[in-house]
Amino acid sequence: MRILLGGGQAERVSDMESQRQFLLQSVLLYAIGGGLAIAFGWIAGTGSLPAAAAAIGLVGGLVMLTSPSLLLWSVLAGGLVVSGLAMLYAPQLQLIRWGVAIASVMLVALALIENISRRSMGKDGTVSPIAWQLLALFFITALSGWANGQGVSQLIVGLKSYFQVAGLFFALVMMPWPRQIIDLFPRLMLYTAFIQLPFVAHQYLFLVPLRTGFGEGVVPYDVIAGTFGASKFGGGANAVLSAFMLIVFAVLLSLWNNKAITLRRLVILSVPLLVPVFINESKVSVLYLFVIVCVIFKNEIILRPARAILSAGFLGLTLAGLMFAYSAFYADEADGIQGFIAGTIEQNFSDTEGHGEFYLNRTSAISFWFQEHSLSEPMHALIGHGPRASREGGTGLDAGVTLASTRYPGMGIGLTGVPALLWETGVLGLAMVAAMFWTAFRSAGILRQRFSSDPYKAGIFSGLQAGVVILALSMFHKSFFVFDIGYQTLIMLLFAYLTYYLKQKPERAVSNPGLSVYKNT
């Protein structure tokens, strides 16, 4: 122990604290080393490839703990690009999702340590409402799994499906990142959108013809999912790709509406980004475009009617093009545009028509949950049947017997996010998710007003407000919220960006030229 002559009580206390920290770090280091030695010895004995992949990911995550920025960008790249590409082009590497999930857990650990440290030093360590709602969803999901008798390994897999990139949110809102890092995210979204284009071209030109006529319920254009993941002869996250591209388009449109970019630049940037939306048969994009108009131009319709009419005309042409493209793709199944619309309505809202190979469709899946639950079973109605209960299949460590595969095979009880949440986490879980979306929507609206004098940030937040609505509506279209890593990364990134700026004091929330990337691109 270092004795400071004449130092006094404060120096001795500080020295004792340093010794305690050194002792704690030494014990932690030996514990981690011993645990890893035991784990790798067990892996070597079993020869399990999934366990080896998880262990390698754990070691990589521990190494990256020394660089939080590297850990952050690894999770972002893994969630938005690498995992989806591996799913389609290298299925044997799909376990990379577990590596991303482990890195996300490391981010949570760093965020908690930072929050505790800030509190101990008397600094602001408040937790945002979305963080509390996300934590509540975690405990509801864990309680549901435990109450329904899920084993430890099954519960871990289920929790991983829901929260595999939740660490991204906690790290961004609880750690003191430089403002320059946060302001990179609009640029990240724009560049990631353009990264989709070469992969979309390959999928359209080479994989779609390969899947045409394959049968067995394979929709050829589902494989056009960019970097968000698909199966060569199965389904794909084409709806996630469309939602993402339209969110970026909404930001561009909002920037033009706020006079941050010119109409020429809007057209130059938007046209290539809308191409995947035209060709991947995600029909819900028509609804998303209508949402963009309503959210972005809700004030301008009254204040600047000429500008609103011009915008409506541009989007009207886009909508007409989408409808024509989709009806052309369905020429063999529908009698022109009228038959296309009628068939779409029948498939999604009829009481007798199922979706694809399932017995239920997007609306009957919700009503069927109410039919199967009553006040006589309050537990299942409130907290559900456990994570992954509504899924009928899986791959790798995600495979296993579920409620859907045993009691309701072929029904499609988890067809979309809303019934999936009801079956797996009950009314309480669905309420937490709805609260998160509502909080994010209000946050974007508040920030839109706060930065009304800054055309760049006002445009960003107005576009992201439309993006929140798009992602919320997608809960009624697909079930990606409960398992898809790309979709979850997009949500966590959007929620974190809004929460970060909402926590900044208005007088500190000044204009940042970094957001002008949309103008300078």
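Here, the structure is the one placed above.
One numbering rule holds for all chains: residues counted from 1, following each sequence as written. Given that the model is predicted, a residue must reach a pLDDT of at least 70 before its local features are reported, and side-chain atom pairs must reach 80 or more before they are shown or counted; all residues, however, enter totals for whole chains, interfaces and linings. Note that water and hydrogens are dropped before the side-chain values are worked out from all heavy atoms of the structure.

**Description of unusual backbone geometry**
Here is step 1 of the chain: We note that K259 has phi near 60°; this positive angle belongs to a residue other than glycine.
Here is step 2 of the chain: A run of H or I in DSSP becomes a helix once it reaches four residues, and a run of E becomes a strand once it reaches two; helices and strands are each numbered from the N terminus. Position of K259 relative to the elements: it lies in the loop between helix 10 (238-257) and helix 11 (263-279).
Here is step 3 of the chain: Even without glycine at this site, R388 takes up a positive phi of about 75°.
Here is step 4 of the chain: Remark: exposure states derive from per-residue accessible area (1.4 Å probe, protein chains only) relative to the maximum for the residue type, with buried under 20%, exposed over 50%, and partly exposed in between. You can call R388 buried: its relative accessible area is 7%.

**Some points on the nonpolar core**
Here is step 1 of the chain: Take the buried residues of types Ala, Val, Leu, Ile, Met, Phe, Trp, Tyr and Cys, join any two whose side-chain atoms come within 4.5 Å, and each joined set is a nonpolar core. Core analysis: the largest hydrophobic core is formed by 135 residues, its most contacted members being F169, I292, F481 and F495.
Here is step 2 of the chain: Broken down by element, this core gets its largest block of residues, 16 residues, from helix 10.
Here is step 3 of the chain: Residue contacts follow a heavy-atom distance rule, with two residues in contact if any of their heavy atoms lie within 4.5 Å. F495 has contacts with I130, F169, M436, F437 and A440, leaving out every residue within four places of it along the chain.

**Topic: the packing of helix 19 (residues 417-450) against helix 21 (residues 485-503)**
Relative placement of two packed helices is described by the angle separating their axes and the distance separating the axes.
Here is step 1 of the chain: Helix axes use the C-alpha atoms of the stretch in contact, all axes being lines fitted to C-alpha atoms, and the angles between their N-to-C directions lie in the range 0 to 180 degrees. The interhelical angle for the contact between helix 19 and helix 21, taken along N-to-C directions, is 45°, at an axis separation of 9 Å. Classed by the angle they form, the pair helix 19 and helix 21 counts as oblique. By crossing handedness, the relation of helix 19 to helix 21 is classed as left-handed. Facing helix 19, whose interface residues are M436, F437, A440, S443, A444, I446, L447 and R450, helix 21 presents I491, F495, L498, Y501 and L502.
Here is step 2 of the chain: Think of it as three bins: nonpolar holds Ala, Val, Leu, Ile, Met, Phe, Trp, Tyr, Cys and Pro, charged holds Asp, Glu, Lys and Arg, and polar takes everything else, Gly as well. A class-by-class count of the residues in the contact of helix 19 with helix 21 yields eleven nonpolar, one polar and one charged. With respect to orientation, any angle under 35 degrees is reported as roughly parallel, any angle over 145 as roughly antiparallel, any angle of 65 to 115 as roughly perpendicular, and every other angle as oblique. With the far helix as reference, a near helix turned anticlockwise by less than a right angle produces a left-handed crossing, and one turned clockwise produces a right-handed crossing.

**Re the environment of K298**
Here is step 1 of the chain: Along the chain, K298 turns up in the loop between helix 12 (285-296) and helix 13 (300-303).
Here is step 2 of the chain: With a relative accessible area of 40%, K298 lands in the partly exposed category.
Here is step 3 of the chain: Sequence-distant contacts of K298, that is, excluding residues within four places in its chain, are made with V293, R448 and Q465.

**A closer look at the packing of aromatic side chains**
Here is step 1 of the chain: In this scheme Phe, Tyr and Trp rings, the latter by its six-membered ring, pair at centre separations within 6.5 Å, and the angle between planes marks the pair as stacked below 30 degrees, edge-to-face above 60, and tilted otherwise. Using the criterion set out here, one finds 22 aromatic pairs in the structure.
Here is step 2 of the chain: Consider the rings of F138 and F139, whose centres lie 5.7 Å apart with planes at 80°: the pair is edge-to-face.
Here is step 3 of the chain: Under the relative-accessibility criterion, F138 is labelled partly exposed at 32%.
Here is step 4 of the chain: With a relative accessible area of 56%, F139 lands in the exposed category.
Here is step 5 of the chain: On the basis of an interplanar angle of 55° and a centroid distance of 5.4 Å, the ring pair of F228 and F244 is categorised as tilted. In this pair, F228 sits in the loop between helix 9 (185-211) and helix 10 while F244 sits in helix 10, placing the two residues 16 residues apart along the sequence.

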